[in-house]
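Listed here are the chains, written in short residue letters.
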Amino acid sequence: MYQASYLKHFTEEVFLAIGCSHEEARLASEVLVSADLRGVDSHGIARLAGYVRLYDHGRLNPKPNVTIAYETPSTAVVDGDRGLGLVVAPKAMEIAMEKAEKVGSGWVSVRNSNHFGIAGYHAMLALEKDMIGWTMTNAAPLVTPTFSLDKLLGTNPIAVAVPALTEPAFVADFASTAVAYGKFEILQRKGLPAPLGWAQDADGNPTTDSNAVKSGGGLLPLGSDREHGSHKGYGLGAIVDIFSGVLSGANFGPWVPPFATAGFMGVQQSVGLGTGHFLGAMRVDGFRPADEFKADMDKWIGAFRNARAVDGEKVLIPGDPEREMEAERGVNGIKLLEPVVLSLDELAKRFGIPFEINF
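Residues numbered from 1 in each chain as written. Predicted model: local features only at pLDDT ≥ 70, side-chain atom pairs only at ≥ 80, totals over all residues. Heavy atoms only, no water.

*Asks:* I'd love a proper account of the side chain of asparagine 114, names of residues and values included.
*Replies:* Within the secondary structure layout, asparagine 114 lies in the loop between strand E3 (105–113) and helix H5 (119–124). Within the structure, asparagine 114 has its side chain in polar contact with the backbone oxygen of arginine 59 (distance 3.4 Å). A distance of 3.2 Å separates the side chain of asparagine 114 from the backbone oxygen of glycine 83, its partner in a polar contact. Excluding residues within four positions of it along the chain, asparagine 114 makes contact with Leu54, Arg59, Leu60, Arg82, Gly83, Gly85, Thr275 and His277. (Helix = DSSP H or I, 4+ residues; strand = E, 2+ residues; numbered from the N terminus. Polar contact = N/O pair within 3.5 Å; in protein donor to acceptor, adjacent residues only side chain to side chain. Contact = heavy atoms within 4.5 Å.)

*Asks:* Account for a nonpolar patch on the surface, naming residues and giving values.
*Replies:* A grouping of Ile239, Ile242, Phe243, Val246 and Leu247 is seen on the molecular surface, where their side chains present a nonpolar patch of about 450 Å² in accessible area. Looking at the element boundaries, leucine 247 is found in the loop between helix H7 (230–246) and strand E10 (275–283). (Patch = residues over 30% accessible without salt bridge, like charges linked within 9 Å, V, L, I, M, F, W, Y side chains within 5 Å. Areas by Shrake-Rupley, 256 points an atom, 1.4 Å probe, with all protein chains shown as cover. Salt bridge = Lys/Arg side-chain N within 4 Å of Asp/Glu carboxyl O.)

*Asks:* Which residues make up the sheet that holds strand E8 (residues 206–207), and what values do they have?
*Replies:* Strand order in the open sheet formed by three strands is E8-E7-E9, and the pairing between neighbours is antiparallel. This sheet does not close on itself; its edge strands, each paired only once, are E8 and strand E9 (218–219). Relative to E9, strand E7 (residues 199–200) runs antiparallel, the two sharing two bridges. Note on E9: the bridge partner recorded for glutamine 200 is glycine 218. (Pairing = 2+ DSSP bridges.)

*Asks:* A description of empty space enclosed by the protein should follow, citing residues and the corresponding values.
*Replies:* It is the rolling of a water-molecule-sized probe over the atoms that shows where space remains empty. Scanning the entire structure with this criterion turns up one cavity of 30 Å³ or more. Roughly 30 Å³ of volume is contained in the largest cavity. Lining the largest cavity are Val143, Leu153, Gly154, Ser176, Thr177, Pro221, Gly233, Tyr234 and Gly237. Of the residues assigned to the lining of the largest cavity, the class counts are four nonpolar, five polar and no charged. (1 Å grid on protein atoms, 1.4 Å probe; cavity = no way out; pocket = protein on both sides within 12 Å on 5 of 7 lines; lining within 4 Å. Points joined across faces, edges and corners; volume = space filled by probe spheres on them. Nonpolar A, V, L, I, M, F, W, Y, C, P; charged D, E, K, R; others polar.)

*Asks:* So what's going on with the packing of aromatic side chains? Which residues, and what values?
*Replies:* Here the structure, examined in full by the defined rule, presents 14 aromatic pairs. Here the aromatic rings of phenylalanine 252 and tryptophan 255 are separated by 5.7 Å at their centres, their planes lie at 85°, and the arrangement is edge-to-face. With a relative accessible area of 28%, tryptophan 255 lands in the partly exposed category. Taken together, the aromatic side chains of Tyr2, Tyr6, Phe10 and Phe355 make up a single cluster linked through ring pairs. (Phe/Tyr/Trp six-rings, centres within 6.5 Å; stacked < 30°, edge-to-face > 60°. Buried < 20%, exposed > 50% of the residue type's maximum accessible area, 1.4 Å probe, protein only.)

*Asks:* Help me get a handle on the packing of helix H1 (residues 4–17) against helix H2 (residues 22–37), residues and values and all.
*Replies:* It is the contact of H1 with H2, at a shortest axis distance of 8 Å, that shows an interaxial angle of 140°. Here H1 lies oblique to H2, going by the angle between them. Here H1 runs over H2; the crossing is right-handed. For the pair formed by H1 and H2, the contact residues are Ala4, Leu7, Lys8, Thr11, Glu12, Phe15 and Leu16 on the first element and His22, Ala25, Arg26, Ala28, Ser29, Glu30, Leu32, Val33 and Leu37 on the second. Across the contact of H1 with H2, the residue classes tally to nine nonpolar, three polar and four charged. (Axes fitted to C-alpha atoms, helices over the stretch in contact; angles between N-to-C directions. Parallel < 35°, antiparallel > 145°, perpendicular 65-115°, else oblique. Left-handed = near helix turned anticlockwise from the far one by under 90°.)

Laid out in structure tokens, this is it:
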């Protein structure tokens, strides 16, 4: 078990060791460990070694010059200069919010970035300013569209954060696939099979092999198969890819560069610059008085919370599981799987940074 503060400090030290500035190392560690706190272990500190591998392969610039390549009063294209997506995305959201403050909404498409952690973190930045936050990103092609044997899309998540008055914010954060690839990595570390409907093998057959994607298979879109609506998950993933990649000038479709996950480091043809994101901020008072809207959001949330539920269950609001997990782990600590601890031990030895169980 590890305290979040300890993991943040260790992560910050690793980012400093590869050349990040103190400010950006702190921000990157905050974004990364926030995933562990919120129970999204697939996108937390387990990914730290992957970011270092990106640096080792020359794909990550630890001191990026993040710039606006093109803009209008309400839109912009941001060039991340191959920086950590954990840093580039919050900077892009700041630009979106600045534009929203001036003209009601701001929309930023990002190119030349890298993996940006959990989408929800960046969307939630807008909540502090009574804004609705939108975030999405494209990712390495591990997903087979409906009826396809070729991997053409990433897990391509979408996050939307909406403020409320007294209720916790509505925060929807989900991949456009049945699950994120990180869930497979967790199963691989545990030596467990995957549930049916998560992946297909190289011949397009349903499989429970948690290593299927490494063996030529692919992740399935949300819905898993045509009869259960996989064309809708495919459509969501395609929308994210177009907004994040085609719109910004980043790579898209099968050309999005892979994250530094073991077995997926091969460099392929490029049609753009790095990985792409899309972020947006909308002022609530651009539509109606913010307090009136948030009061109605409380009523909306209340209606769902009070809905009759099947035995032993309760109706959840998007963001509830993560919020509850953050409260629990903030007190009781974060449990890391042994393979994750071993990877962090390796980083500790490489950079001469102390790392030990501290809880």
